[in-house]
Amino acid sequence: MGSRIPGRERPLERALRVLVVSDVSPLRVEGGAERVLRELAAGLAGRGHTVRVVGREPEGRPVADPPPGVRVRHFPVTRTS
């Protein structure tokens, strides 16, 4: 696995299951928050972790596919919610 935790002598021996909840979507990169979310999820998946992202449904159609190994689920939000 090779992942390291600061202050820990040996690397993690098993993959983690990671859930990231956000008010932006990694499928429509329009600003810094979306970019950070996408890069974080892709980096964790690239290290062998199981990654799921739950985020706000983007306005319009998503413009990108999820990063490899990342599952994305959107929740609808209206201007009144």
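Keep in mind that this is a model prediction, so the values were computed, not measured.

### Remarks on the pairing of strand β2 (residues 50–56)
Here strand β1 (residues 17–22) runs beside β2; their pairing, made up of six bridges, is parallel. Looking across to β2, one finds that Arg-17 is bridged to Thr-50. Regarding the hand of the β-α-β motif, the stretch spanning β1, helix α1 (residues 32–46) and β2 is right-handed. Here β2 pairs with strand β3 (residues 70–75) via six bridges, running parallel. Each bridged residue has a counterpart across the sheet, and for Arg-56 the counterpart in β3 is Phe-75.

### Description of the sheet that holds β2
Strands pair in a sheet through their backbones, by hydrogen bonds, and they do so in one of two ways: parallel or antiparallel. Strand order in the open sheet formed by three strands is β1-β2-β3, with parallel pairing between adjacent strands. The sheet is open, and its two edges are formed by β1 and β3, each paired on a single side. Taking the axes of each pair of neighbouring strands and ignoring which way they run, one obtains an average angle of 15° across the sheet. Packed onto the sheet, α1 meets β1, β2 and β3 and runs at close to 165° relative to β2.

### What to know about a positive patch on the surface
A cluster of like positive charges, contributed by Arg-17, Arg-52, Arg-71 and Arg-73, occupies part of the molecular surface. Looking at where Arg-52 falls in the secondary structure, it is placed in strand β2.

### Things to note about the nonpolar core
Counting eight residues, the largest nonpolar core is built from Val-20, Val-24, Leu-37, Ala-41, Ala-45, Val-51, Val-53 and Val-70. Secondary structure elements with two or more residues in this core: α1 and β2. Once residues lying within four places of it in the same chain are set aside, the contact partners of Val-70 are Ala-41, Ala-42, Ala-45, Val-51 and Val-53.

Quick notes on the rules
- Residues numbered from 1 in each chain as written.
- Predicted model: local features only at pLDDT ≥ 70, side-chain atom pairs only at ≥ 80, totals over all residues.
- Heavy atoms only, no water.
- Pairing = 2+ DSSP bridges.
- Helix = DSSP H or I, 4+ residues; strand = E, 2+ residues; numbered from the N terminus.
- Right-handed = clockwise from strand over helix to strand, strands pointing away.
- Axes fitted to C-alpha atoms, helices over the stretch in contact; angles between N-to-C directions.
- Contact = heavy atoms within 4.5 Å.
- Patch = residues over 30% accessible without salt bridge, like charges linked within 9 Å, V, L, I, M, F, W, Y side chains within 5 Å.
- Areas by Shrake-Rupley, 256 points an atom, 1.4 Å probe, with all protein chains shown as cover.
- Salt bridge = Lys/Arg side-chain N within 4 Å of Asp/Glu carboxyl O.
- Lys, Arg positive; Asp, Glu negative; His and termini not counted.
- Charge placed at Lys NZ, Arg CZ, Asp CG, Glu CD.
- Core = buried A, V, L, I, M, F, W, Y, C linked by side-chain atoms within 4.5 Å.
- Buried < 20%, exposed > 50% of the residue type's maximum accessible area, 1.4 Å probe, protein only.

Scope: geometric values only; no functional claims are made or implied.
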